[in-house]
Amino acid sequence: MCGIVGYVGDEECAGLLVEGLRKLEYRGYDSAGVAVLGKKGLEVVRAKGKLSNLEARLGEHMPKGATGIGHTRWATHGKPSDENAHPHKYGGVAVVHNGIIENHLELKDELLKQGHKFSSETDTEIFAHLIHREIEKGLRLPEAVRSALKQVKGTYALAVMSEKFPEMLVVSKNASPLVVGLGDKCNFVASDVPAILAHTRDVIYLEEGDFAVITKGEVELTNANGEKLNRGVKRIDWTPTMAEKNGHKHFMHKEIHEQARALTDTIRGRANIEEGDVFLDGCRLDAKLVQRLTKVQIVACGTSWHASITGKLMIETLARIPVEVDLASEFRYRDPLVDDKTLCVAVSQSGETADTLGSFREAKSRGARGLAICNVVGSAIAREADDVLYTHAGPEIGVASTKAFTTQLAAFFLLAVRLGRLRGTLSVPDAQKHLEALFEVPMLVERVLKYEEQIKAAAYKFSNARDLLFLGRGPQYPVALEGALKLKEISYIHAEGYAAGEMKHGPIALIDENMPVMVLAPRDSTIDAGVNYEKILGNIQEVRARGGRVIAIHSEGDTQVPKLAEAAIPLPQTNPLLMPIISVIPTQLFSYHVADHRGTDVDQPRNLAKSVTVE
Ligand code: M6R
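Residues numbered from 1 in each chain as written. Predicted model: local features only at pLDDT ≥ 70, side-chain atom pairs only at ≥ 80, totals over all residues. Heavy atoms only, no water.

Trainee: Describe the sheet that holds strand E17 (residues 295–300), listing the residues and the values that go with them.
Mentor: The strand order across the open sheet built from five strands is E18-E17-E19-E20-E21, with neighbouring strands paired in parallel fashion. Because the sheet does not close on itself, it has two edges, and the strands there are strand E18 (323–327) and strand E21 (387–390). Averaged over all neighbouring strand pairs, the angle between strand axes comes to 20 degrees, with direction disregarded. Against the sheet, helix H9 (residues 302–319) contacts E17, E18 and strand E19 (342–348), and its axis sits at roughly 175 degrees relative to E18. (Pairing = 2+ DSSP bridges. Helix = DSSP H or I, 4+ residues; strand = E, 2+ residues; numbered from the N terminus. Axes fitted to C-alpha atoms, helices over the stretch in contact; angles between N-to-C directions. Contact = heavy atoms within 4.5 Å.)

This is the structure:
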């Protein structure tokens, strides 16, 4: 939620800031702005709407200077407008902020009484006023920011600059992400690594309460009490091109097509077929620890929650340990039954989702061991975990999650095999069979991507639908949920995912010729002796009997399902627990092509943001 970028060095920086903001636009895109300090003093240029509006404005007047901050906004306090866009400037101080200041109204009242005039409806502007007030009292910029931070309650990632203290940025973080980039005679700050990846791969991830004074030659890092810190420099192995579209029309399309590579990277070096076991770098789970466990508690939001429902099935099947899956936003407020015999697994692409982080902390405070399945290295959830299983999907820029989902499933499968081996519920030959199947998955993903034209044709055919129902049973139920989420978030078509067996308990009332139904109907004979397949055939018949139009996702070679469907998309077959990795892909491509055909903003759908760092 909201993207921050900052630069201090010798180069003209307005263009560089905009280029960084483009990489952060996924975090929020209702307005954007930059502040640059040069010979003419501190100049701020802001514009409501997409970054292109800011660029147009900068085309008319490009501020000159080599110290600057930029921001792309996802509104919390105050509607999207030029005035509410960041940076906020007051008395020669400019501020960009990501987070929420809870006591801003009290502070505003106090400042209004002292004669301050406000020009926006945001909570952020309060910072510019407070810092200016402290500078007027004679403090230097770093001390003024520190003093202002003591007065606010809430969450923030903050970057500040001042006319009185040129060639300096002061930054701090509390609950919102911030990373410092180390350049050659220049330094950077950003909400996320892609914003600065073109300039440096050496970064310092700031932790809660960290405070940094950044000049072109130095980064001075201290904690909330002013004590010096040495956080260590991390070398990022993402390349700048990984955060580009590489000829695809949208990031989402590129990311769908990257899944075979992302899965290979997630699996590589972690599974050994000969030994029938899995080696999870970053996880220190041993037999003693795992045999003590009485349950696994998973917390996640959105797509990561859907992956977690499949994760439950994988762990319960292979490791025979009870698993509960909770929406993180519900878990943290329900006095959960968690203790030191619980393994809490937090699943998050960004590793910054506020509810997931909050739940993870809650579970850990009750004694649970915390394992994170995360994509972003060094993110808050990863840092707070006892064990981390990174998904190696690479940067996911499209707001709609795709490769994060499939790599989370692969990570869960690895974890389930490992737990099964440690608990003794999975024999070496069985583990070998599962791992062989896992190794084949990237190749099967490539195969299903070849059906894109067929999927696109189906998408165009149904792109005028007002509603759409997704049905699946067993391992395909979470895929139905995920398919529906994808369609609604990028095409704005109302969609519901349902367990197919539940259809007759309500949703069947909705079915008529105006309600297309996408049915996930692969054959999965091993897990349930074909029961799911037989039952879903029955569900398809029930839909047809009520005039419903069926889009079927079926196994290659199946002759029954395609006969019952208006559009049919074949899939290669695999181990049923791994089938969701394959079967979700047609649902991703279907949603993508529906949305693209309808002309919506696929990568940046309305009202959404990539990382939800507010509750
Ligand atoms: O970064 P996280 O995995 O924690 O994000 C969780 C959700 O916000 C995210 O999956 C969201 O639902 C996506 N827009 C789905 O495409």
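Trainee: With reference to specific residues and values, describe the domain arrangement of the chain.
Mentor: Parsing the chain into structural domains produces domain 1 (3–243), domain 2 (245–449) and domain 3 (450–615). Contact with domain 2, which involves 50 residues of that partner, is made by 45 residues of domain 3. With both sides pooled, the region where domain 2 packs onto domain 3 buries about 3,900 Å², and carbon together with sulfur makes up 66% of that total. By the criterion of area lost to domain 3, the three top residues of domain 2 are Val-399, Arg-447 and Val-448, representing 18% of everything that side buries. Inspection of the region where domain 2 meets domain 3 yields two salt bridges. As a salt-bridge pair, Glu-556 and Arg-447 come within 2.5 Å of each other at their nearest N and O atoms. At the level of elements, helix H6 (251–257), helix H7 (259–267), H9, helix H11 (354–365), helix H13 (403–423) and helix H14 (428–449) are the ones that each hand at least two residues to the side of domain 2 that touches domain 3. In the side of domain 2 that touches domain 3, the residues fall into 25 nonpolar, 17 polar and eight charged. (Domains from an automatic or database assignment. Buried area = accessible area lost by both parts, 1.4 Å probe. Salt bridge = Lys/Arg side-chain N within 4 Å of Asp/Glu carboxyl O. Nonpolar A, V, L, I, M, F, W, Y, C, P; charged D, E, K, R; others polar.)

Trainee: Break down the side chain of Glu-352 for me, with residues and values.
Mentor: Along the chain, Glu-352 turns up in the loop between E19 and H11. Although Glu-352 is buried, it makes no salt bridge; Lys-173 carries the closest opposite charge, 5.0 Å away. Residues within four places of Glu-352 in sequence aside, it is in contact with Pro-177, Ser-379, Ala-380, Ile-381, Val-612 and Thr-613. (Buried < 20%, exposed > 50% of the residue type's maximum accessible area, 1.4 Å probe, protein only. Lys, Arg positive; Asp, Glu negative; His and termini not counted.)

Trainee: Any details on H9? Residues and values, ideally.
Mentor: Taking 1.5 Å per residue as the helical rise, H9 with its 18 residues ought to reach 26 Å, and the 25 Å between its terminal C-alpha atoms agrees with that figure. Buried within H9 we find Thr-303, Ser-304, His-306, Ala-307, Ser-308, Ile-309, Thr-310, Gly-311, Met-314, Ile-315, Leu-318 and Ala-319. One or two positions beyond H9, positive phi appears at Arg-320, with a value near 50 degrees. (Expected span 1.5 Å × (residues − 1).)

Trainee: Could you give me a rundown of the nonpolar core, with the residues and numbers involved?
Mentor: Counting 85 residues, the largest nonpolar core has Leu-285, Ile-315, Val-345, Leu-371, Leu-415, Val-445 and Phe-590 as its most contacted members. Of all the elements, H13 adds the most residues to this core, at twelve residues. Here this core spans two domains, and each of domain 2 (245–449) and domain 3 (450–615) adds at least three residues to it. Grouped together as the second largest cluster of nonpolar side chains are 36 residues, Ala-14, Ala-190, Ala-195 and Phe-251 included. (Core = buried A, V, L, I, M, F, W, Y, C linked by side-chain atoms within 4.5 Å.)

Trainee: Break down empty space enclosed by the protein for me, with residues and values.
Mentor: Scanning the entire structure with this criterion turns up three cavities of 30 Å³ or more. In this structure, the largest cavity spans a volume of roughly 220 Å³. Surrounding the largest cavity, 27 residues form its lining, Ser-191, Asp-192, Ser-350, Glu-352 and Val-376 being those nearest its centre. Viewed by domain, the lining of the largest cavity spans two of them, domain 1 (3–243) and domain 2 (245–449), each represented by three or more residues. Of the voids in this model, the second largest cavity is the one considered here, and its volume is about 80 Å³. Lining the second largest cavity are 13 residues, with Thr-76, His-86, Gly-99, Asp-123 and Thr-124 sitting closest to its centre. Looking at the lining of the second largest cavity, its residues break down into three nonpolar, eight polar and two charged. (1 Å grid on protein atoms, 1.4 Å probe; cavity = no way out; pocket = protein on both sides within 12 Å on 5 of 7 lines; lining within 4 Å. Points joined across faces, edges and corners; volume = space filled by probe spheres on them.)

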